[in-house]
Amino acid sequence: FVAYRLGKSQADSARLQAEIAKRNWQTANQRVVLDLFERRIALYEGIRHLVAKVMTTGQPGNKEYSEYLEAIDRALFYFGPEVTDYLERLRIVILDIEDSNNQIKLASPGGPKLHHDRMIELNDFYKTAPVLFGPYIQAHQKVAAWT
């Protein structure tokens, strides 16, 4: 009887340890998911903030362009190729806006049209980006119920 009770308590203890290990793994996994979410949302918000700056001024400065380059360099590690390709296209649009500003200063006839077209493309960020970034930013993992 004593051996049976000792064996049963050891088995119960092993089950409890296995459950604790499982919950520790779940907690660690949820921390990783949350950390990844926070990094992705910070990148998205940073890019959105830089786009907003260019949209309000119509003039991407060197500081904004440099910050944008840093953001898209980091985005390579957090988002898929469809997002990084889009961000690269947006980089070209920002460069074209700067070029159009120079053309306007030189009274080039194509400057205002180029500027207008590129600003419209940049404004499309607010429609396109949520669709592209959304799947990466959504919370995919449900919190486990503690039973």
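Above this text sits the structure in question.
We now turn to the structure provided with this report. Note that the structure is a prediction, hence the values are computed from the model and not measured.

Some details on the environment of Ala-129
By the secondary structure assignment, Ala-129 is in helix H5 (residues 125-137). Given the relative accessible area of 0%, Ala-129 is considered buried. Considering only alpha carbons, one finds Ala-129 and Leu-87, 42 residues apart in sequence, at a separation of 9.2 Å. Residue contacts for Ala-129: discarding those within four places in its chain leaves Tyr-44 and Gly-134.

Comments concerning the environment of Ala-75
Its location among the elements puts Ala-75 in helix H2 (residues 62-75). C-alpha separation for the pair Ala-75 and Leu-87, spaced twelve residues apart in sequence, amounts to 8.7 Å. If near-sequence neighbours (up to four positions away) are discounted, Ala-75 is found in contact with Leu-43, Thr-84 and Leu-87.

Some points on the nonpolar core
Judged by nonpolar contacts, the single largest core of 28 residues is most densely connected at Ile-47, Tyr-68, Phe-79, Leu-87, Leu-122, Phe-125 and Phe-133. Sorting the residues of this core by element identifies helix H1 (2-57), H2, helix H3 (81-105), helix H4 (111-123) and H5 as the ones contributing at least two each. Of all the elements, H3 adds the most residues to this core, at seven residues. For Phe-125, the residues in contact, after removing those within four places along its chain, are Tyr-44, Ile-47, Arg-48, Val-51, Tyr-86, Leu-90 and Pro-130.

Examining the pattern of salt bridges
With the rule as written, the count across this model stands at ten salt bridges. The salt bridge involving Glu-88 is made with Arg-91; its shortest N-O contact spans 2.6 Å. Residue Glu-88 and its partner Arg-91 are both found in helix H3; the two are separated by three residues, about one turn of the helix. On the accessibility criterion, Glu-88 (33% relative accessible area) is partly exposed. Of the residues examined, Arg-91 reaches a relative accessible area of 17% and is grouped as buried. Ionic pairing is found between Lys-113 and Asp-117, a salt bridge with its closest N-O pair at 3.0 Å. Of this pair, Lys-113 and Asp-117 both sit in helix H4, four residues apart, which is roughly one turn of the helix. Under the relative-accessibility criterion, Asp-117 is labelled partly exposed at 25%. Members of the salt-bridge network, linked through shared partners, are Lys-8, Asp-12 and Arg-15.

Cut-offs and rules
- Positions within a chain are numbered from 1, following the residues in the order the chain's sequence is written.
- Since the coordinates come from a predicted model, pLDDT governs what is reported: local features require at least 70, and pairs of side-chain atoms require 80 or more to be given and counted, while whole-chain, interface and lining totals use all residues.
- Side-chain calculation: all heavy atoms of the structure are included, whereas hydrogens and water are not.
- Starting at the N terminus, helices and strands are each numbered in turn, a helix being any DSSP run of H or I of at least four residues and a strand any DSSP run of E of at least two.
- Only protein chains enter the area calculation, which uses a 1.4 Å probe; residues under 20% of their type maximum are buried, those over 50% are exposed, and those in between are partly exposed.
- Pairs of residues are marked as contacts when any of their non-hydrogen atoms sit within 4.5 Å.
- For the purposes of this section, nonpolar cores are sets of buried Ala, Val, Leu, Ile, Met, Phe, Trp, Tyr and Cys residues that join through side-chain atoms within 4.5 Å.
- Basic side-chain nitrogens of Lys or Arg form a salt bridge, by our definition, when they fall within 4 Å of a carboxyl oxygen of Asp or Glu.

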